[in-house]
Amino acid sequence: MIEHLKLDIQVPANMAGRRLDQAAAELIPDFSRARLQSWIKGGQLTLNGAPAKAKEKLFGGELIQLRAELEPQGSWAAQDLDLNIMYEDDSLMVVNKPAGLVVHPAAGNPDGTLLNGLLYHNPAQELIPRAGIVHRLDKDTSGLMVVAKTLAAQTHLVDQLKQRTVSRQYDALVQGYITIAGRVDAPIGRHRQNRLKMAVLDFGGKEAITHYRVQERYSAYTLLRCKLETGRTHQIRVHMAHIRHPLVGDPLYGGRPKLPPEASADLVEALQSFPRQALHAAELALVHPTSGQDMHWCAPMPADMQALLDQLRADEP
């Protein structure tokens, strides 16, 4: 599938003195500046019918012409997967990802991923980088993800993520008893020794901020609602471990589960057999990239986490 682009835009007088790539990014907002710069470099985006440089200064009145082809952005296979699509329109879709589903093909997971399922559901996703995926969830985290269905929507959603106007809230079951809400402001980067892990770093980490509040307390565990201000890899898992309240079922950051001595046999079994980190992306809110409308979705607690919470409640004195 190839889509042909043809645009002719006259540079307004008030853009005199601007760089070509800067003006193009404002005049053609459907595409990222990086993509526009690649088209300038490749000669698909021209100035007055001739190739130009991205840094070329404008006088106003010039004609910007775009003649480009949108080609498939990867060689991934479309696969018929049972996706739980909670909302869909011409610009985006919201998927409730189950635990165990990898988001993007990679070494060890070449197919059977959310991306493969998206390509089957809507073949036009192949024209969008990463098939429209703008943020990720870990394999063993369940819950809501937004996927762009057009380049314009992807550019808009990525910008919202950068501006931190997308609200993402998670249900997280952690070890230990937490009494009050809090905020973790601790930079995150790749672990110095274990490259499979992320870690809070004193130097070289990226800004990472997580807000949390208590939803329900148990004798040795707490159900939190965590809200991301930033979106670093493994952020909630790393931050909760950093404040010594690691997620239940997270051996990478929490080690072996710490079982309360008074726990019943049923609770011990439920905790030891829980197969993943107890983390669920429960709420998602954003501005619709086309209509400008505020949008909000909620995903119910998945069955495995609900069963564990029910057992915790049953075990309370």
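Everything numeric in this text was worked out from a predicted model, so none of it was measured. (Residues numbered from 1 in each chain as written. Predicted model: local features only at pLDDT ≥ 70, side-chain atom pairs only at ≥ 80, totals over all residues. Heavy atoms only, no water.)

So, on to the overall build of the protein. Looking only at helices and strands, the protein features eight helices and 14 strands. Counting only C-alpha atoms and orienting by the principal axes, one finds that the protein spans roughly 80 × 45 × 40 Å. Within the protein, counting contacts between residues at least 6 apart in sequence, those at least 24 apart form 67% of the total. For the protein, the computed accessible surface area is about 15,700 Å², with 49% contributed by carbon and sulfur atoms. The protein carries 35 positive and 35 negative side-chain charges, and their two centres are separated by 9 Å. (Helix = DSSP H or I, 4+ residues; strand = E, 2+ residues; numbered from the N terminus. Contact = heavy atoms within 4.5 Å. Areas by Shrake-Rupley, 256 points an atom, 1.4 Å probe, with all protein chains shown as cover. Lys, Arg positive; Asp, Glu negative; His and termini not counted. Charge placed at Lys NZ, Arg CZ, Asp CG, Glu CD.)

For strand 13 (residues 279-287), a buried count of seven out of nine residues is recorded, marking the element as mostly surrounded by other parts of the structure. For strand 6 (residues 142-148) and strand 13, the ladder comprises two bridges, and the chain directions are parallel. Each residue of the ladder has a partner; that of S142, found in strand 13, is H280. With six bridges connecting them, strand 7 (residues 167-175) and strand 13 associate as antiparallel partners. Within the sheet, the bridge partner assigned to S167 lies in strand 13 and is A285. In this sheet, strand 14 (residues 294-298) lies alongside strand 13 in antiparallel orientation, the contact comprising five bridges. Pairing of L286 across the sheet is with M295, part of strand 14. (Buried < 20%, exposed > 50% of the residue type's maximum accessible area, 1.4 Å probe, protein only. Pairing = 2+ DSSP bridges.)

What follows concerns the pattern of salt bridges. Applying the stated criterion across every chain, the model contains 14 salt bridges. Measuring nitrogen to oxygen at the nearest pair gives 2.6 Å for the salt bridge that ties R164 to E207. Remark: E207 occurs in the loop between strand 10 (198-200) and strand 11 (209-217) and R164 occurs in the loop between helix 4 (151-163) and strand 7; sequence separation between them is 43 residues. Judged by relative accessible area, which is 36%, R164 ranks as partly exposed. For E207, a relative accessible area of 39% translates into the label partly exposed. Measuring nitrogen to oxygen at the nearest pair gives 2.8 Å for the salt bridge that ties E283 to R225. Note that E283 is positioned in strand 13 and R225 in strand 12 (residues 221-228), a separation of 58 residues in sequence. (Salt bridge = Lys/Arg side-chain N within 4 Å of Asp/Glu carboxyl O.)

Attention now goes to the environment of E69. Inspection of the secondary structure assignment puts E69 in strand 3 (residues 63-70). Placed 15 residues apart in sequence, E69 and A54 show a C-alpha to C-alpha distance of 19 Å.

All right, on to unusual backbone geometry then. Not every positive phi belongs to a glycine, and A131 is a case in point at roughly 55°. Counting through the fold element by element, A131 comes out in the loop between helix 3 (114-121) and strand 6.

Using the criterion set out here, one finds zero disulfides in the structure. In this structure C226 is not part of a disulfide, and its nearest cysteine sulfur, from C298, lies 16 Å away. (Disulfide = S-S within 2.5 Å.)

Moving on: helix 5 (residues 235-242). Among the eight residues in helix 5, six count as buried, and that is most of the element. When helix 5 is considered as a whole, its buried residues turn out to be Q235, I236, R237, V238, H239 and M240.

One broad rule of soluble globular proteins: the nonpolar side chains tend to lie buried together. One finds L114, L118 and Y170 to be the most contacted residues of the largest nonpolar core, which totals 29 residues. When residues of this core are traced back to their parent elements, those giving at least two are strand 5 (92-97), helix 3, strand 6, strand 7, strand 12, helix 5 and strand 13. When residues in this core are grouped by element, the largest group, four residues, is from helix 3. Excluding residues within four positions of it along the chain, Y170 makes contact with L137, T141, L224, R225, C226, L228, I236, L279, H280, A281 and A282. Counting 23 residues, the second largest nonpolar core, distinct from the first, contains L5, I40, L66 and I128. (Core = buried A, V, L, I, M, F, W, Y, C linked by side-chain atoms within 4.5 Å.)

What follows covers the environment of R168. Note that R168 resides in strand 7. With a relative accessible area of 10%, R168 lands in the buried category. Separated by 82 residues in sequence, R168 and M86 place their C-alpha atoms 16 Å apart. Here R168 is in contact with H135, L161, C226, K227, L228, T230, G231, E283 and L284, once residues within four sequence places are set aside.

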